[in-house]
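Read off the chains here:
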Amino acid sequence: MLIVWLFHGFLAVYALTTTELPAKKITKPKEKFEIVNVTLYYESLCPFSRAFIMNQLSPVYNTLKPRMSFHLVPYGLTKRKKKQGHWVFMCQHGQEECNMDVISGCAVEIYEASDPDKLMDFIVCLEDHLYSTTALNSTIICAKNEPILLKQLAYCFADPEEMMLNFARKTENVKPEIRALPAIQINEDYIISDQRYIRRNLYGKVCDLLGICPTMLTTPRPQLPFLTQLVYNTKLENTSLPPSESMKPFQGEAKSFLDMLLEQT
């Protein structure tokens, strides 16, 4: 009997000493990136897009480059359809916005790969002047010191159908579908639940992904106000402006815009 009790006692002790304890939950460290790429889907006359470019994208890029890159897709919620063998683009804010989206797109084509700093400066200049003048005047003002750029813009503006179709496809391929602007992809990820935060604090989002603190930056942190709705120039807000007709060949207001642009070259 004593032997039996000793045997059972041994089994109990063995079971206690060999029972596996629950494994500790291991938290996977947040991935850090060497470079964060920001892709902006926007419309030139959308007040929220314009505020984001001037109050967020531009100052954050100028502070964090070369650890941050950007891509611009000036198309937004524009609609398109085929008409007489060509694509027709109908912009939310009328012909003036279509003209400005094309000019912005042409600047992207010219500068994005070769000189992103110049691209950012030019786009900010356009958006800034659009509060007080027309798309044509904004283009002339912002390109006045570079006559070659004005010629390049005019040449691109004369036949933008393929370029705008490319922007359309890029926008339409984003999943989930873009329904509000500005829409911001971070490293090719478009997360709807993050949009409100990113629109107000792009700096914080990018710094978090880079894994650096503001105090570690060699340049001062920009003052970034919360995104506020900016008021349209009343002339540009006029919703009676006709939608864009076929980009090729040009007709109506688009043709007049091109003629006036060519006069400046």
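This write-up is about the structure you can find in this document. (Residues numbered from 1 in each chain as written. Predicted model: local features only at pLDDT ≥ 70, side-chain atom pairs only at ≥ 80, totals over all residues. Heavy atoms only, no water.)

### Brief notes about the overall build of the chain
Thought 1: Scanning the chain from N- to C-terminus turns up 11 helices and 5 strands.
Thought 2: In the chain, which comprises 265 residues, the share counted as buried stands at 46%.
Thought 3: Summarising the internal contacts of the chain: among those between residues at least 6 apart in sequence, 75% fall at separations of at least 24.
Thought 4: On the chain, roughly 15000 Å² of surface is accessible, and the fraction owed to carbon and sulfur atoms is 57%. (Helix = DSSP H or I, 4+ residues; strand = E, 2+ residues; numbered from the N terminus. Buried < 20%, exposed > 50% of the residue type's maximum accessible area, 1.4 Å probe, protein only. Contact = heavy atoms within 4.5 Å. Areas by Shrake-Rupley, 256 points an atom, 1.4 Å probe, with all protein chains shown as cover.)

### Considering the state of the cysteines
Thought 1: By the definition in use, this model includes 3 disulfides.
Thought 2: A disulfide bridge connects cysteine 91 with cysteine 98, and the sulfur atoms are separated by 2.0 Å. Every disulfide takes its handedness from the sign of the S-S torsion; for cysteine 91 and cysteine 98 that torsion is 105°, giving right-handed.
Thought 3: On the accessibility criterion, cysteine 91 (9% relative accessible area) is buried.
Thought 4: A residue is classified by how much of its surface remains accessible, and cysteine 98, at 1% relative accessible area, is buried. (Disulfide = S-S within 2.5 Å.)

### Examining the packing of helix H3 (residues 95-111) against helix H7 (residues 161-172)
Thought 1: Interhelical geometry of H3 versus H7 gives an angle of 90° and a closest axis separation of 10 Å. For the element pair H3 / H7, the angle class is roughly perpendicular. Contact with H3, carried on its side by Asp101, Val102, Gly105, Cys106, Val108 and Glu109, involves Met163, Met164 and Phe167 of H7 and no other residues of that element.
Thought 2: When its residues are assigned to classes, the contact of H3 with H7 shows 6 nonpolar, 1 polar and 2 charged. (Axes fitted to C-alpha atoms, helices over the stretch in contact; angles between N-to-C directions. Parallel < 35°, antiparallel > 145°, perpendicular 65-115°, else oblique. Nonpolar A, V, L, I, M, F, W, Y, C, P; charged D, E, K, R; others polar.)

### Details of the packing of aromatic side chains
Thought 1: Here the structure, examined in full by the defined rule, presents 2 aromatic pairs.
Thought 2: Summarising the aromatic geometry, the rings of tyrosine 61 and phenylalanine 70 are spaced 4.8 Å apart at their centres and angled 75° between planes, so their arrangement reads as edge-to-face. Each member of the pair, tyrosine 61 as well as phenylalanine 70, carries the same accessibility label: buried.
Thought 3: Here the aromatic rings of tyrosine 75 and phenylalanine 89 are separated by 6.3 Å at their centres, their planes lie at 90°, and the arrangement is edge-to-face. Of this pair, tyrosine 75 sits in the loop between strand S2 (68-74) and strand S3 (79-83) while phenylalanine 89 is found in strand S4 (residues 86-90), placing the two residues 14 residues apart along the sequence.
Thought 4: The exposure class of phenylalanine 89 is buried, given its relative accessible area of 1%.
Thought 5: One residue, arginine 50, lies across the ring of tyrosine 131, its end atom 3.8 Å from the ring centre.
Thought 6: The aromatic ring of tryptophan 87 is capped on one face by arginine 80, whose charged end is 4.4 Å from the ring centroid. (Phe/Tyr/Trp six-rings, centres within 6.5 Å; stacked < 30°, edge-to-face > 60°. Lys NZ or Arg CZ within 6 Å of the ring centre and 35° of its normal.)

### Remarks on the sheet that holds strand S5 (residues 183-186)
Thought 1: In spatial order, the strands read S2-S1-S5; together these 3 strands make up an open sheet with mixed pairing. What marks the edges here is a single partner per strand, and that holds for S2 and S5. Ignoring strand direction, the axes of neighbouring strands in this sheet form an average angle of 20°.
Thought 2: Against the sheet, helix H4 (residues 116-129) touches strand S1 (36-42) and S2, its axis set at about 45° to S2.
Thought 3: Contacting S1, S2 and S5, helix H9 (residues 202-210) crosses the sheet at an angle of about 150° to S1. (Pairing = 2+ DSSP bridges.)

### Some remarks on the pairing of S2
Thought 1: Where burial is concerned, most of S2 is hidden: 5 out of the 7 residues are buried.
Thought 2: Remark: the S1/helix H2 (residues 47-64)/S2 crossover connection has right-handed handedness. (Right-handed = clockwise from strand over helix to strand, strands pointing away.)

### Some words on the packing of H3 against helix H6 (residues 147-157)
Thought 1: Running from amino to carboxyl end, H3 crosses H6 at an angle of 120°, the nearest separation of the two axes being 9 Å. With respect to each other, H3 and H6 are oriented oblique. Seen along the crossing, H3 lies across H6 with a hand that is right-handed. Residue-level inspection shows Asn99, Val102, Ile103, Cys106, Ala107, Ile110 and Tyr111 of H3 in contact with H6, the latter providing Leu149, Gln152, Leu153, Cys156 and Phe157. (Left-handed = near helix turned anticlockwise from the far one by under 90°.)

### A look at the environment of threonine 139
Thought 1: Its location among the elements puts threonine 139 in helix H5 (residues 135-142).
Thought 2: Taking C-alpha positions, threonine 139 is 9.9 Å from glutamate 127, a pair spaced 12 residues apart along the chain.

### A word on the nonpolar core
Thought 1: Counting residues in each nonpolar core, the largest one holds 65 residues, and the members touching the most others are Val38, Leu57, Met68, Leu72, Phe122, Ile123 and Leu202.
Thought 2: Among the elements that make up this core, the one with the highest residue count is H3 (7 residues).
Thought 3: Apart from the residues within four sequence positions on either side, leucine 72 is in contact with Leu40, Tyr42, Leu57, Val108, Glu112, Leu119, Ile123 and Phe167. (Core = buried A, V, L, I, M, F, W, Y, C linked by side-chain atoms within 4.5 Å.)

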